[in-house]
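The chain contents come next:
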Amino acid sequence: CAVHDIDETSDGRMFIVMPYYGGETLQVKVERGALEFDEAIHIASQVASGLAKAHEKGIVHRDIKSANILIANDGHVRILDFGLAKLAKQTRLTKTGTTVGTVMYMSPEQAKGDEVDARSDIFSLGVVLYELLTGELPFQGDHEAAVIYSIMNKEPEPLAKYRSDIPEGLHRIVEKAMAKKPDERYRSAADLEVELKQFQVGLGPVATGSNKNLLKYLLPASVFLAVILFLIFKPFKFEVSPDQKAAAAENSLAVMYFDNLVDRDDPQRLGEIVTNLLITDLSESQYMRVVSTQRLYDILKFLGKEGAQVIDKTTATRVAARAEAKWMLLGSVLQEEPSFVVTAQLIDVESGDVVAAQRVTSQPGEKIFALIDKLTSEIKDDLHLPAAAKKENDPWVAEVTTGSTEAYRYYLEGNRIRWEGGAPYASIAAGSYRKALEYDSTFAMAYLALTSLAMPGTGNEKRELIAKALRFSDRIGKKEKRYIKSRSHYLSGDISTAIQELEKLIDEFPDEKRAYVDLGFIYQVHSNAFQKLRVPSAGMRKAISYYQKTIELDPLHYWAYNQLAYTYNGIGEADSSIWAINRCLDLAPDETAGGFHDTHADLYRKAGKFDRAIESYEEALTRAPENYESLMKLGQMHLYKREYAKARASFQKLLAMGSADNRSMGRYHLALIPLHQGKMEEALHVLDQGMSGDEMEGYEGDAYLWKLFSKSSIYAEKAEGERAVAEFEKLLAIYQEANPENPARWRDDYIYLLAKKKDFVTAEKVLGALKNSIVDQTNARQTNVYWFAKGWIDLERGNIDAAVTDFEESAKWGRWFWVRYPLAMAYLKAGRLAEAVGEFEGALKAFSPRSANYPTWVVKARFYLGTAYENSGWNNKAIEQYEEFLDIWKDADPGIEEVEDAKRRLAALKGENRM
């Protein structure tokens, strides 16, 4: 709410002049009842946006509550009454004179009278959002002291107590905003705003139960044909019908960890074995929805009870409610040699009533698997499933897992290591799975688990493992069968069928997180393969939707946030990309030895926020000093910012690293420093020295080739076409001898040099060979380079309109610097000034490690942007670019045409008379 004036009346009373807004406060609105998700999130995100602006100015409101938020008649949300607001670091507030209504929204630190910062407002907004969604306040009491005690010591009632349809992602947002400790809340109101908007656009409102809209890719005729063939060849096994889905939703069950009463430590993991076998056995029914072990683990982790083996009834109820289960099963195992006794209670989650109890006892010498089959049968009877459920195929649990208790124990151990430790513990988890296979070499689930790890490293090894899983897939559950089929198709290159299997899986098991992760990854990596060429963003958006579903199921899944960051970046949504990587770092700051910090830096660099990028590269190197990529990119950032001494220091550190690749890369990058300054002759000298060093080590890897590339580029800039082509042909000879299977690599740059030399006959011949080498028309990199190369031929021939078309085609496959620069040049020559300006500006923001290989283009882009501005009549902007360009190349070699032209243009624009 704007403040126009602060003054005092003639009798000394202070007053504030503000606009009048018709409307109603949230307090009035919420008194009529809880709001719908969309409206509540829309309001909360607007409040977060307003608070973010205030916080940027160092202002903390300190009295955010529903009575101070107005919904104006124009639909806009207004934050009222900054009467308690003060500047940051001046925000200590006593409780004297406050009302209970205000206290109910206070943060714990504010209620104690401690100094508060912007995070206190975030807590209060969390309280408001809770109120909007439930119609109730989270902290209540008969008097002020009781409310303050509740704020500081009690957790609010779960949202699910008031509304069973609230998605888990929204639970997490509210809980994080209202965390007791300020450090555990959102770092800023802006972060909260972004996450609310992300939820509204991508995650919610999310329907409960099965996701009925995910399987939409088969045409009706295809579905009909598939059903006919299915009935002909497999009449004994039908797909899940709508009636079965309805029954499954009605009979949703969460099986909690069974307690080993004899030994609470349970070293043999007997309780865990019983729980997992029971989940697997019950999941075979098409008339039940059983919460998976992974889902239970994720919810417990979210509740701060990761790894818990003994769960009290209160915690179990919270877990079951989050899993949207109607029933939950609590149980225990009593091992009395040589028999087992397993008891269980079936409980209504909403009421807490025990509706049935089961007790099964094994016969002497009978394995635990047979006992599970008995218990499964009793539970189904007590759930009163439809009559048709009794007729469905009900395999013994040993038939869909393993007959070896030891094998199953090691399999569960591998799962727990993988879930708790993540990627760094893949090799340890693999050891457990291989141990399981020593006890049962037909255990298909263990083979499948091995293929999902980062180990083993080669595709051939994974194909061998999945082939074994397929061989023994007659002894596996229906869920795992889908995974095995999908993985097999994926490893054989049949991406579409791999996706279809996963989509069928999530249709049957809508809470199966791993399937959403796999789908997200496939769509992210193979996005171009699902489009009719040139529209990769649609595949990326599919990936985003699956990663978002992953996060809805597991809000602590940092890897999904990491992949979201890359995917958002791939479609040009920089703010969302940075939001996602920040969430990843919040959740896992110490994972991957600085890898996430390197990603963080990459994304800030791509967003043009170079200072933040440098900070993150430095942080990555603090965590992993041997990370040559972070060091190289840090040096490139310093080079781009003209911090030459810091760039040189980074590149010299590369020289000190152990491998020949790193040393050669350091030599190469040292040559980029004078090249960026326009010192072509000095750069050639440094390149020659670097190549001599490489040759002494017998090194002819990528960094050696980049030195040849740079030499040829310098000669092209100097209009020495013969020498440019000769140097590049040395590069081609070395590369082709080492990589005969990839003849297309480097051809686009070769064509560029031939075109600059005006050797169009050879350029066209090489272009034809390049086109014939593109066997995969959906391969973005291959198709991009063809149009890039063709564009240079047309540009150098003077076919400007054709060149524009070529470079536009190239840009459809990726808007990298080295693509945008020639497109901007073509627009400039075509007189399309607005488009030229846009591309030059975009190119200068699109700095990347690949951009560093074109340092003269990076600098000359400023000169040509200046000419585009000048020709558009934007003289002041033109002057800025010319001055920037001339400052960078103030010590450049004499005779560079663009330098002399820039001086003339600048003088003319400044009105100077030069002879």
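Everything quoted here is computed from the prediction, not taken from an experiment. (Residues numbered from 1 in each chain as written. Predicted model: local features only at pLDDT ≥ 70, side-chain atom pairs only at ≥ 80, totals over all residues. Heavy atoms only, no water.)

A short note on helix H23 (residues 558–570)
Each full turn of the α-helix corresponds to 3.6 residues, which orients residues three or four apart in the same direction.
Logical step 1: Counted at 1.5 Å a residue, the expected span for H23 with its 13 residues is 18 Å, and the 19 Å between its end C-alpha atoms agrees.
Logical step 2: Every buried residue belonging to H23 is among Tyr558, Ala560, Tyr561, Asn562, Gln563, Leu564, Ala565, Thr567 and Tyr568, and all of these are buried.
Logical step 3: Two residues or fewer past H23, Gly572 is found with a positive phi of approximately 80 degrees. (Helix = DSSP H or I, 4+ residues; strand = E, 2+ residues; numbered from the N terminus. Expected span 1.5 Å × (residues − 1). Buried < 20%, exposed > 50% of the residue type's maximum accessible area, 1.4 Å probe, protein only.)

With respect to the pairing of strand E12 (residues 339–348)
Logical step 1: In terms of burial, E12 is a largely internal element, eight of the 10 residues being buried.
Logical step 2: Where E12 lies against strand E13 (residues 354–361), seven bridges are found, and the strand directions are antiparallel. From the neighbouring strand, Val341 faces E13, where its bridge partner is Thr361.
Logical step 3: If you look at the hairpin formed by E12 and E13, you'll find five residues sitting between the two strands, and Gly352 has a positive phi there, around 80 degrees. (Pairing = 2+ DSSP bridges.)

Some points on the confidence of the model for the chain
Logical step 1: Confidence in the prediction for the chain averages 82 pLDDT; 86% of positions are at 70 or higher.
Logical step 2: Throughout residues 87–101 the model reports pLDDT below 50, and contacts reaching past four residues in sequence, or to other chains, amount to 34 contacts. (pLDDT = per-residue confidence, 0-100. Contact = heavy atoms within 4.5 Å.)

Some details on the sheet that holds strand E3 (residues 23–25)
What holds strands together in a sheet is hydrogen bonding between their backbones, with the strands either parallel or antiparallel.
Logical step 1: If you walk across this open sheet you meet the three strands as E3-E5-E6, and the pairing is antiparallel. Since the sheet does not close on itself, it has two edges, and those belong to E3 and strand E6 (77–79), each with one partner. Along the sheet, successive strands turn relative to each other by an average axial angle of 25 degrees, direction set aside.
Logical step 2: When strand E5 (residues 69–72) meets E6, the two strands line up antiparallel, connected through three bridges. Residue pairing for E6: Leu70 is matched across the bridge by Arg78.
Logical step 3: Sheet contacts for helix H2 (residues 37–56): E5 and E6; angle to E6, the most-contacted strand, approximately 45 degrees. (Axes fitted to C-alpha atoms, helices over the stretch in contact; angles between N-to-C directions.)

Points about the packing of H2 against helix H5 (residues 118–134)
Logical step 1: As a packed pair, H2 and H5 sit with axes 10 Å apart at the nearest point and diverge in direction by 165 degrees. For the element pair H2 / H5, the angle class is roughly antiparallel. Of the two elements, H2 crosses H5, and the hand of that crossing is right-handed. Of the residues in H5, those in contact with Phe37, Ala40, Ile43, Ala44, Val47, Ala48, Leu51 and His55 of H2 are Ala118, Asp121, Leu125, Leu129, Leu132 and Leu133. (Parallel < 35°, antiparallel > 145°, perpendicular 65-115°, else oblique. Left-handed = near helix turned anticlockwise from the far one by under 90°.)

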